[in-house]
There are 2 protein chains.
Amino acid sequence: MIKHGRNRAVIEKVMPEINKGLFSARAFPGESIHVEAHAYADGHDEITVMLYYRHESSKQWESSGMSLRWNDEWTGSFKAEKEGRYIYRVSAWVDGYKTWKNGLLKKAGAGQALEVEFKIGAEILKGIIKRVQVKKDIEELEKAFAAFLKGGSSALEFVNSGVIEAISVKYPDPELVSDYDRELRVNVEPPRTGFSAWYEIFPRSCAKEEGVHGTFKDAEAWLPVIKELGFDVVYFPPIHPIGVKGRKGRNNTLKPAPGDPGSPWAVQNHKEIHPQLGTTVDFEEFVKAAKKLRIDTALDIAFQCSPDHVYITEHPEWFKWRTDGTIQYAENPPKKYEDIVPFNFENDNWQELWDELVSVFIFWAEKGVRIFRVDNPHTKPFGFWEYALKKVKERYPGTIFLAEAFTRPKIMHMLAKTGFNQSYTYFTWRNTKQEIEGYVNELVHAESRWFFTPNFWPNTPDILHEYLQKGGRPAHVIRLVLAATLSSNYGIYGGAFITIDNEPFPGKEENNNNEKYQLKNWDLRQEGSIFDEVKRINAIRRENPALQTTWNTRFYYASNDNVIFYIKADEEKKNIIMTAVNLDPHNKQAAVVHVPAAD
Amino acid sequence: MIKHGRNRAVIEKVMPEINKGLFSARAFPGESIHVEAHAYADGHDEITVMLYYRHESSKQWESSGMSLRWNDEWTGSFKAEKEGRYIYRVSAWVDGYKTWKNGLLKKAGAGQALEVEFKIGAEILKGIIKRVQVKKDIEELEKAFAAFLKGGSSALEFVNSGVIEAISVKYPDPELVSDYDRELRVNVEPPRTGFSAWYEIFPRSCAKEEGVHGTFKDAEAWLPVIKELGFDVVYFPPIHPIGVKGRKGRNNTLKPAPGDPGSPWAVQNHKEIHPQLGTTVDFEEFVKAAKKLRIDTALDIAFQCSPDHVYITEHPEWFKWRTDGTIQYAENPPKKYEDIVPFNFENDNWQELWDELVSVFIFWAEKGVRIFRVDNPHTKPFGFWEYALKKVKERYPGTIFLAEAFTRPKIMHMLAKTGFNQSYTYFTWRNTKQEIEGYVNELVHAESRWFFTPNFWPNTPDILHEYLQKGGRPAHVIRLVLAATLSSNYGIYGGAFITIDNEPFPGKEENNNNEKYQLKNWDLRQEGSIFDEVKRINAIRRENPALQTTWNTRFYYASNDNVIFYIKADEEKKNIIMTAVNLDPHNKQAAVVHVPAAD
């Protein structure tokens, strides 16, 4: 801890600091980064605690004074203006001038004689002046010095003006300065990472006529509707050729009927397009057409193989073979995926596997894709993701990865740390007021807030919660409003959600006649759909900065347990959104809510 | 994070880890060190998490398997048998055998065919056998291998016996092993650091006759009494010559009467003995006589100077001079010490000051002192303590330092981290049930438990709490029992406490006619004293291992807020002490208490 015998301040527990600084914290452009530190010194002297920061593109450190909150805990902040990495560090020192000033003001307040005090102050100023490098600052301090020598009211005026400490904090005695044990980093992400509305759509279900396999061209015709609805990310499940071997039939049956299209997640070749969807050119045109409407295309990448995948013959060493010559199919308990086999990441030829998988991302990035929704990342090693995401982002800066991991919290967190920009969450299963408040408070206030960016989905092709099954249209509107106003990132599996297609497969938390295994034909404006509600909520989100961050969500009292009430405000508190939601899809509910006057 | 592409386990947040491992954790001989870690891997495979540890004197790592508690949090432990430093580290890996075994047992439970499974198991065994270095282990595994090839009940027996994993965890595939990012240390302290009863006594008040200045010889005559009372540390306030310049009179007055002895904390020379107490030889003889009774002598070291201290003329640069040629006297707000001046630790000649102060400890260590009670350490730099305590302990291993710091929590914690073995606490000001439970729970359960060893004092010459002032004899017994049974280390400022000398200086939290400024003459067995109670409680402490640690204190329900109830048990739960204390010194109180059957 000793840097030099004269440095007496101690700095501990700077936050954000993720895994001792191994990982970057995360922020979004324009956000204020609030840094905390424990800092103190022995004795009764005043200390100054300073936050230094710089964008990686600049060598010049900026500084910002930190304030004592309580109990030797200090806070400070800086504005993350632009994308890329900021580096920050904290220093502290016993501040002789500040200590002297506080003593002086106390004595002045008690009407005591100040001559000797001002002489001591002049000595302190002399010491500071020696270290000052800027002429203007020297001149200013020399004026103060002269006033101190004379003492009296003009000296006191100098003290009260705050001019002296504004200069002196720039030139601390280096022997007195303690530095925190490391520099830390915060990554300012592309704006879309912090604020996005996703629309999941199966291009094969985009044909005008029922029963016809849709194409990218058909999907392109849907873009104006998606734009009208107000979404800015259109997300495609895998668009690759679907395996024939092991193919699933309708409703996840093991024997497909002739013509059953199979699950798109049973990928037969990660670098090709399913022929019925069109050509690579068609896909690139779709991406461009979407881009023109300011809609990004997100592609689903599922690192797993249908049993007739080209990798299995070309790289048998990438798979775990049983002694009976088979490969164990994939499982994500309790779900079984008989139509796919997993990679064996412990295989000896792991480096080639890693590089091949990286090349899959690169392949699609070359076709214009800048957002990847990654299927089941929690069943692949963290080290692989750290490697792969870095490689892709180096080549295509600003690429965004959404982790589809529904698993234990520490695993979801580690995926976020390795580089996933957004993450699916437990929101889908948090339906009561207590559940929602508890979960959102955890997301917003726990350490994970610094690296785990939630994306709230009320439904997915995999999950149709009982609440939606039983609550019908009102439940869909409730979950839409919650997702879209609690989290700045949200998405819907659109066709089923907007048309209230909520019939479950008996005994399961999934849609019956699930689009995963068959073509669908959605009429978003059909009687009873929530087309207008979705459109309205997305418009409100775009118009109100308060809804464009998740970290400002604060819950307030509502007298009825069926009513949840929260307020969000932007940093300047110019835009304030109060949201009250009746969580009961079956009955009207009334509640008294408390709006704190201070807010 | 990537060590090798095949290692998939992640380890985070190993505890205890103090300031990223910069400081050692602390334990006492015979204690079990409970280590925690977050550990997990991707996917659904089983992991093994292993705790390795060794005493610094051994190069051989011992190992102990960790168990999953919940939510990817693992716990393990090792026994700190002997004094000195232990080093520990945590590793984890995906355990192919364990994963296979769990799958097999599920299939066996479901009555499925196991032939193929056992063949796969045999392949796994083959892989393990390649890494085994001990012949006996190879033979054991080869037996299992043969059984697996045959399959059937004898194979299943091998699986169920646990023999295979007991061997296989010793030989993990090094490419699969993830190691925590650092090795950590725990320092096993001298036994007395963990269990001690202190008796504070002014040797100058030890004379038989009132008004006569006592000597070390007089103090020696008290040793049998202190022994009878059951204390094992006798603690002397400073024994150095007392300054004449600035000397305080009775009751902290600024003008002493002729013959007033002054405060022993106004030290005039840190390496001399106050002549009225006797000679260096007398002191050494006292230390030896105490040692014979298994009582350690603790000496108060106060790094501050009377205005006529030798240092002020020899080393004027060690002090902060005001422009009027004076040195500002010491303050510990709101207390003012007009009879002492502080060192200026920011002086340019700090290294010489540090070394001189270290030599003070060494000087008294040479005279046989192995326990120092350090006055106001929080007004000296942490870096100095880190340096000084290390130096003294290197030269005199097993030396114990008690920090007399009553200040803000983080400062008290940092002093403990720098090497203070025991610390004064807020116990003196925690009197209600809620206050006591809250504070003790914090001491026992927060991270500070690993470095901050409390020493509970119901009173000191500086502090006579209102509770003692108003509660009289019952209050003294209550505070005695609480201090002695809640904390394994406790102490009393004996004369005043045992004789219930509790008259406050008007308006202050201090004794009237305070022994700090005048001689006293205590009769510990006078009518109404609590001599027998003190003797009894110390005897109980010695007889019951459950009272010899602080970390086992657990509070339980008592139906009356005036009654506090707690249970302490030793590690083996052979010795269990239940304590119920009526906190109301004025009235009888009754309560129903809950004793959990499980305990």
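Residues numbered from 1 in each chain as written. Chains lettered and ligands numbered in written order. Predicted model: local features only at pLDDT ≥ 70, side-chain atom pairs only at ≥ 80, totals over all residues. Heavy atoms only, no water.

Trainee: Got a minute to help me understand the overall build of chain A in this structure?
Mentor: Counting secondary structure elements, chain A contains 16 helices and 22 strands. Seen through its principal axes, chain A has C-alpha atoms that stretch 100 × 60 × 40 Å. Counting the 599 residues in chain A, one finds 58% classified as buried. In chain A, of all internal contacts separated by at least 6 residues, the share reaching a separation of at least 24 is 75%. Only carbon and sulfur atoms are counted for the fraction: they give 51% of the accessible area of chain A, which is about 24,600 Å². (Helix = DSSP H or I, 4+ residues; strand = E, 2+ residues; numbered from the N terminus. Buried < 20%, exposed > 50% of the residue type's maximum accessible area, 1.4 Å probe, protein only. Contact = heavy atoms within 4.5 Å. Areas by Shrake-Rupley, 256 points an atom, 1.4 Å probe, with all protein chains shown as cover.)

Trainee: Would you take a moment to explain the side chain of T399 of chain A for this structure?
Mentor: Residues and elements named next belong to chain A. Along the polypeptide, T399 turns up in the loop between α11 (382-395) and β17 (400-404). On the basis of relative accessibility, which here comes to 1%, the residue T399 falls in the buried class. Excluding anything up to four places from it in sequence, T399 contacts R370, F372, V392, K393 and N421.

Trainee: What am I meant to see in the relation of the copies chain B and chain A here?
Mentor: Turning chain B through 180° and shifting it by 0.0 Å along the axis lays it on chain A, with an RMSD of 0.1 Å. Those values place the two copies in the arrangement expected of a two-fold rotation axis. Closest approach to the rotation axis within chain B is made by the C-alpha atom of K20 of chain B, at a distance of 3.9 Å. Mapped onto chain A, 100% of the interface residues of chain B again fall at the interface, so both copies present the same surface. (Least-squares fit on C-alpha atoms with pLDDT ≥ 70 in both.)

Trainee: Before we go on, may I ask you to explain the pattern of salt bridges in this structure?
Mentor: Proximity of charged atoms lets side chains of opposite charge pair with each other. Applying the stated criterion to the full structure yields 89 salt bridges over all chains. The salt bridge involving R322 of chain B is made with E117 of chain A; its shortest N-O contact spans 3.3 Å. Of this pair, R322 of chain B sits in the loop between α9 (310-314) and β14 (330-332) while E117 of chain A sits in helix α2 (residues 115-131), each in a different chain. The residues R322 of chain B and E117 of chain A share a single accessibility class, namely buried. The residue R6 of chain B makes a salt bridge to D173 of chain B at a minimum N-O spacing of 3.1 Å. Of the two residues, R6 of chain B sits in the segment before β1 (9-15) while D173 of chain B sits in the loop between α5 (163-168) and β9 (178-179), which places them 167 residues apart along the sequence. By the burial criterion, R6 of chain B is buried, and D173 of chain B matches it. (Salt bridge = Lys/Arg side-chain N within 4 Å of Asp/Glu carboxyl O.)

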